[in-house]
Structures are given as structure tokens and as C-alpha cells.
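Residues per chain are reported as follows:
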Amino acid sequence: MPKPYLPKEFKEKYERLLGDESSAFFESCMTKPAKSLIINRLKTDDYGFLKELETSFEKVRYIDNTFFIKSEVSGFGNLIEQNIGLFQMQEVSSILPAIVLDPKPSDIVLDLTAAPGNKTAVLAQLMGNRGLIIANDIDKSRLNTLIFTLKKQGVTNTVVTCQNGINFNPGFLFNRILLDAPCSCEGMVRKKPDLLRDWSEALVKSKAIVQKRLLSNAVSLLKDDGVLVYSTCTLSPEEDEEVIDYAVTELHCRTEEIRLPGVPSSNGLLEYNHKRYCPDVSRAMRLWPHKSGTEGFFICKLKKEA
Amino acid sequence: MVRVLDFKTREKLVNHAHSRYGIDKSFFENYLFAISGASVSMICSDKKDKVIQLLRSGLVRSIGIELFSDYRDYTPSSLGFGVFKPCQIKTNFAILDRGLAQAYFNDKEIQVKEVKDKKLLSAGYVACIYCNYVIGTARYDKEREVLVPNLTYVNKKIK
């Protein structure tokens, strides 16, 4: 696999942001992330089949039913167990937003930008296929992947819609909403080396505008005291802390502490590029690849003030 | 467009699932059925009022899990049959060993004589079981004594 491409402007940005830590960050961007899988509890509670796969696994200590795949594997995705949905290959950081949302079996949950559906499947597992999930995405072609993922995993409590998340309105409100927002995907560069070829500050700013509009609509669809989890797979503060600052100052939300013991994370930043964010933002969770070993990720739990 | 399935067709499909596969009719009591073209899906939700509201809004692309990819000739959905437990399938099933299950997912025909444990009553679709899981469906060709995997969309189109 070719080494990831990091644009000059990108490197300068993270040198300013991280200072002495930046070289460790860039180094981590050059290494492959550990592969991982999550057992599908809708189909099985038995991990016994893992022993027969001639691969070594290490339990992820901070997420139930999730394992790092320790040895180099090929064709893992074509195993019978994968075909029948006993597990899903999924990067650990991308499992966390659903866990932070913590949906209950009685909830009505909205996954506003749901494709390709791995997070929706985790939500369904956490809900025991009860309650109701609306999995929405604007991209028709990616919805096919989402529908396939849900079918394979035996998810039966989900309605799939294809609407623009910015003005999606089903006519009722939700207890919990997951907004895994479209972003500049900086955190995925370890997996997709060419991902940052088109990266620019202008791209980051344009994504931030869309993210704020999506979040604004998501908050309007949330019941009072409802919980919203905002996440991205990027590390740019403009797409992360700045969006949360907007939610707190403009959308009447407050942040909530994320209680996930053992997750190798950092707090949200309170200042970037001469901008100060409200103190609430520090409750957000940042996963830096050089500290967590995962892909870069940002998660924040918000509550709508009654 | 996805809409709620009419009661008569629902009953027909539930009766078919019972008579062909031995699936207890009570299994379907908690499910709401919907139809889109020839595809019939079902959703298990205690929020049926919200599901119906969504269906009426015209926003819905798909719901729950597809049970029949073509209800007119009772073509089952292989992925959808994964919601059943093997013990719920009483007739028209074949229990595959790992080698045959792998052949199934490679879209290879399976010789019926190679399947040790089976209950194949008549030609048509049958459930395929591996370990404790219904892994999909296959068409039982009685003349040629083979099972033809029903994997059109699983392996070719979407993956």
C-alpha cells in the first residue's frame, strides 16, 4: 500500500495545532490502523467461531464484543461467518458514537446520515431490534450498501429514507439522534492514503457550513431533553469544536460528559486559531491516531435544553 | 414506493411460510408488512404508528427486512430468511456442512446427495442451514437433484 499523502498546508496546520506532538501524529498517519471486528449480538452471543478462524484476536477492552485482529489476514471478509452477519469488520473509533448515544429498546432513534450503515447496525444491536430507527442518507447509491448491511445483520427495526438531512422532517420528534456528519475525513488517511489529495482549508470550511446546517436540523428534530451525538472522522477544529460551540451558543444545547472508561481519548479543544470556544466543548472526545492507535475521530454528546 | 401490505396478501404469505417451511404463524404477529414493487418486507417495531406515518409520507425507501424478493411466485429473500432460527424451519430445509456452506456462498450448485441432513418435500425454494443459522435459501431442482443458491443480489450486485 502506498504511503499516505499529506499536503503541505495540512502539515502546517497540525504543526501549529500540536506543536511538539505533530511528528508523532504525522508518523501515525503513515501506519495502517489495526483492523477490528464487532460481534453481531442480534445473531449470536457466542464468540466460539473466532477460535476456528486461524487468526489471533485481542479483545478491545473498552467496547463489548469487539476484537482487534492481530495477524495479517486476507479474504477475511468472505468468510461464511461474515456472509451470514455474525460479525462486521468495523474500525473501533467508528463504533463509539453509537455506544455514546446509548439508545434504549423503547427509543425512536434517527441516524441522520446513516450510509454505509455500520453504525446503524450497532444501534440496532444496542436496542435489541426493538424501538424504531430511521436511517436516512441523501446518497441513493450508498443507501444500497446500507440496506444490504442491515439485511445481512438481521436488523428488523429500521426504516430507511433518502432525504437531504438539512431539511429532513418526518413529522415527529426523536429521543435520540446520531449525526455522524459528512466531513473532510482527515482521520481516515491511514486507511485511504490518497484521501487528502483534494484536502484544503476551503474544503474544511465548506464541510463546516454543511455540518452546522445538518446539526441545526437535527436539533430541531430532537425532543426536549433528547440526546444527540455528533461525530466526525476528521480532526479539524472547524468541523468539530466549532460546530459544537455553535450548538451550545445558538441551538440551546449543552454538552454531556462521555463516560467510556479506558478509551484513549483527549478532551475537546477550547481554543484554535485565535478563537475561543465555550467551556462546554471540552466535554467532547478527540481520538488522535498517535495516542489511541485508532483512526482520527471526534465525538460529542449533546442534550437539548427543555 | 413503499406502502403497507394489504391484509389478504399478508395472510397469503404467512400461510405460505407456514405450509412450505413450517414457520409458526404466530412468529409474524409482531411484524408490520410492507410492499415495494414485488418485494415484501417486514418490520418488527412497537412504534407501528410512526412507521405507518412514515410510509404515508412517501419518504420511505425500505423498511425492516425483506422476506420475499418476489411475492407473486413466493421467491424468498436469502438475507431475510436469516431472521429465522433453524428450529423454526420445520420442512423444506437442508443442513449444510462448512464445505457445502462455502460452496453455497460461492454460488455453486449443491448435489442433494451430498447433504446428509435434510427435509426436502417438494421442488421449489428451501432454507439452507449452517450451524445454528439460516444462511439463506436455495431452489431445489428435483429433477436434477441439486440445490441452486438464491444469491442474485448478495454476491453479484451489491458486494
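For every chain, the first residue of the written sequence is number 1, and numbering continues from 1 onward in sequence order. Working convention: letters from A go to chains and numbers from 1 go to ligands, in the order in which they are written. Reporting of local features is limited, given that this is a predicted model, to residues whose pLDDT is at least 70; pairs of side-chain atoms are given and counted only at 80 or more, and all residues count toward the totals for whole chains, interfaces and linings. Values reported for side chains reflect all heavy atoms of the structure, with hydrogen atoms and water molecules removed beforehand.

What to know about helix 5 (residues 92–101) of chain A
Residue and element names in this part refer to chain A. Selection criterion: With a 1.4 Å probe rolled over the protein chains alone, any residue whose accessible area is under 20% of its type maximum counts as buried; one over 50% counts as exposed, and the rest are partly exposed. In DSSP terms, a helix is any run of H or I states spanning at least four residues, a strand is any run of E spanning at least two, and both are numbered starting from the N terminus.
Helix 5 sits mainly inside the fold: nine of its 10 residues count as buried. Listed as buried for helix 5 are Val92, Ser93, Ser94, Ile95, Leu96, Pro97, Ala98, Val100 and Leu101. Immediately downstream of helix 5, the backbone of Asp102 shows phi near 55°, a positive value.

Comments concerning the domain arrangement of chain B
All names here are of chain B. Definition in use: Each domain's extent was defined by an automatic or database domain assignment. Buried area adds together the accessible area that both of two parts lose upon being put together, with accessible area traced by a 1.4 Å probe. The term salt bridge refers to a pairing of a side-chain nitrogen on Lys or Arg with a carboxyl oxygen on Asp or Glu at a separation within 4 Å. Polar contacts, as used here, are pairs of N or O atoms within 3.5 Å; protein pairs need one atom able to donate a hydrogen and one able to accept it. Residues neighboring in sequence count only if both atoms are side-chain atoms. Classes in brief: Ala, Val, Leu, Ile, Met, Phe, Trp, Tyr, Cys and Pro nonpolar; Asp, Glu, Lys and Arg charged; the others, Gly included, polar.
Entries for chain B in the domain assignment read domain 1 (3–77) and domain 2 (86–155). On a C-alpha basis, the centroid separation for the pair domain 1 and domain 2 is 23 Å. Interface area for domain 1 against domain 2, summed over the two sides, is near 970 Å², with a carbon-plus-sulfur share of 44%. A per-residue breakdown of the area domain 1 buries against domain 2 is headed by Arg20, Tyr21 and Pro76, which together make up 57% of the total. Remark: the boundary between domain 1 and domain 2 carries zero salt bridges. Where domain 1 packs against domain 2, one counts nine residue pairs in polar contact (both at pLDDT 80 or more). Counting only elements with at least two residues in the side of domain 1 that touches domain 2, the list comes to helix 1 (7–21) and strand 6 (75–76). Among the elements that take part in the side of domain 1 that touches domain 2, helix 1 stands out by supplying three residues, more than any other. Across the side of domain 1 that touches domain 2, the residue classes break down as five nonpolar, four polar and two charged.

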